[in-house]
Amino acid sequence: METQWKQFEELANDSRFAKIVSALPSIVEASSSKSTVKKYKFYFGKFRIWCSDCQLEFSPANSTTVCLYIGSLIQQGVGVSVLESNFYSIKWYHDINFKYNPCSDKLLSNILEGGRRILSKPINKKEPITTDILKLIVSRYGSEHDLSNLRVCLLCLLGFSGFLRYSELAKIKRNNIVFYDTHVEITIDKSKTDIYRRGNTVIIARTGNETCPVKWLKIYLKLAGLESDSDYFIFRSLSFLKSQGVYKLMAAMFITCIYIMLFVSKKLVL
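An unreviewed UniProt entry lists the protein chain under the name Tyr recombinase domain-containing protein, from Mytilus edulis.

Undergrad: Got a sec to walk through the overall build of the protein chain? Specific residues and values, please.
TA: Scanning the protein chain from N- to C-terminus turns up eleven helices and five strands. In the protein chain, which comprises 270 residues, the proportion classed as buried is 36%. Long-range contacts, defined here as pairs at least 24 residues apart, represent 58% of the contacts in the protein chain between residues at least 6 apart. Summed over its atoms, the accessible surface of the protein chain is roughly 16900 Å², and 54% of this surface lies on carbon and sulfur atoms.

Undergrad: Go over a nonpolar patch on the surface with me, naming the residues and quoting the values.
TA: Together, Leu11, Phe17 and Ile20 make up a nonpolar patch on the protein surface, roughly 240 Å² of accessible area in all. Structurally, Phe17 can be placed in the loop between α1 (2-11) and α2 (18-29). For Phe17, a relative accessible area of 31% puts it in the partly exposed group.

Undergrad: Give a description of the sheet that holds strand β1 (residues 177-179) that names residues and reports values.
TA: Here we have three strands laid out as an open sheet, ordered β1-β2-β3, and antiparallel in their pairing. What marks the edges here is a single partner per strand, and that holds for β1 and β3 (200-205). The sheet shows a mean angle of 20° between the axes of neighbouring strands, direction not considered. Of the pairings in the sheet, the one linking β1 to strand β2 (residues 183-188) comprises three bridges and is antiparallel in character. Opposite Phe179, over in β2, you have Val184 as the bridge partner. Lying on the sheet, helix α10 (residues 213-224) is in contact with β1, β2 and β3; it crosses β1 at an angle near 115°.

Undergrad: Which residues make up the pattern of salt bridges, and what values do they have?
TA: In total, this model carries five salt bridges according to the counting rule given. Notably, a salt bridge pairs Glu84 with Arg116, separated by 2.6 Å at the nearest N-O pair. Linking Glu84 in helix α5 (residues 80-96) with Arg116 in helix α6 (residues 106-119), this pair joins segments that are 32 residues apart in sequence. The salt bridge involving Arg116 is made with Glu113; its shortest N-O contact spans 3.0 Å.

Here is what the cut-offs are and how they apply
- Residues numbered from 1 in each chain as written.
- Predicted model: local features only at pLDDT ≥ 70, side-chain atom pairs only at ≥ 80, totals over all residues.
- Heavy atoms only, no water.
- Helix = DSSP H or I, 4+ residues; strand = E, 2+ residues; numbered from the N terminus.
- Buried < 20%, exposed > 50% of the residue type's maximum accessible area, 1.4 Å probe, protein only.
- Contact = heavy atoms within 4.5 Å.
- Areas by Shrake-Rupley, 256 points an atom, 1.4 Å probe, with all protein chains shown as cover.
- Patch = residues over 30% accessible without salt bridge, like charges linked within 9 Å, V, L, I, M, F, W, Y side chains within 5 Å.
- Salt bridge = Lys/Arg side-chain N within 4 Å of Asp/Glu carboxyl O.
- Pairing = 2+ DSSP bridges.
- Axes fitted to C-alpha atoms, helices over the stretch in contact; angles between N-to-C directions.

See below:
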């Protein structure tokens with residue numbers, strides 16, 4: 001890799017290739033998502049400030065400098081995710097700028113692994129949701145007349161049956177849903193696992209039982225008054241109409257579903 005970096009430096013001075021070489025860092029940067037690049041820039045900025053305060057070179061940095069920096073973070077007791085974000089931000093910066101990468105050093109790898117072990121905390125795994133829990137949720141919140149309770153019920157059923165994250169549930173639009181005799185198809189415009197943003201279609205089958213997500217989805221959409229061609233998010237904040245004694249969807253963008261999940265976990269007594 002070091003030979004390749006030197007070749008790029010030499011080609012950067014050649015008028016035939018200078019423009020291409022100067023554009024390569026931005027092309028390499030596009031290989032990561034915007035949020036990842038933003039995170040790397042944030043943590044590398046911290047490293048740069050630390051180097052400046054310690055009067056050490058950061059571009060390129062040598063392996064000794066990075067070892068000292070990572071060691072200081074471990075002594076501070078930062079979280080493992082923060083430690084790794086700092087390390088990979090330094091690696092990322094040197095990679096996209098075609099500089100010698102100090103993060104390939106074996107000693108540094110050992111320090112990073114040691115930091116992971118020192119800073120790691122026992123994982124408190126959550127119990128998985130079972131069909132019995134879903135039945136209990138439906139019995140308590142599966143109302144054909146109360147939009148507030150039905151929203152809680154449907155979020156749990158769709159999340160379970162479609163293996164959907166709360167961020168994916170929150171961004172489902174009415175016109176992304178198509179019903180069929182045996183199933184429903186839901187198009188997810190943007191998903192964490194869909195890195196190329198091509199869209200992803202989730203198919204959920206009709207089960208015909210009390211926890212059937214397709215059945216409750218149809219009831220919810222009818223109660224919410226959402227037409228099939230509407231581009232509104234189906235899960236939004238609610239407002240209570242005192243004159244009618246019912247809940248209606250507000251015109252806000254979308255509701256953060258995690259708060260509803262937290263509501264369920266607090267209210268549901270097994």
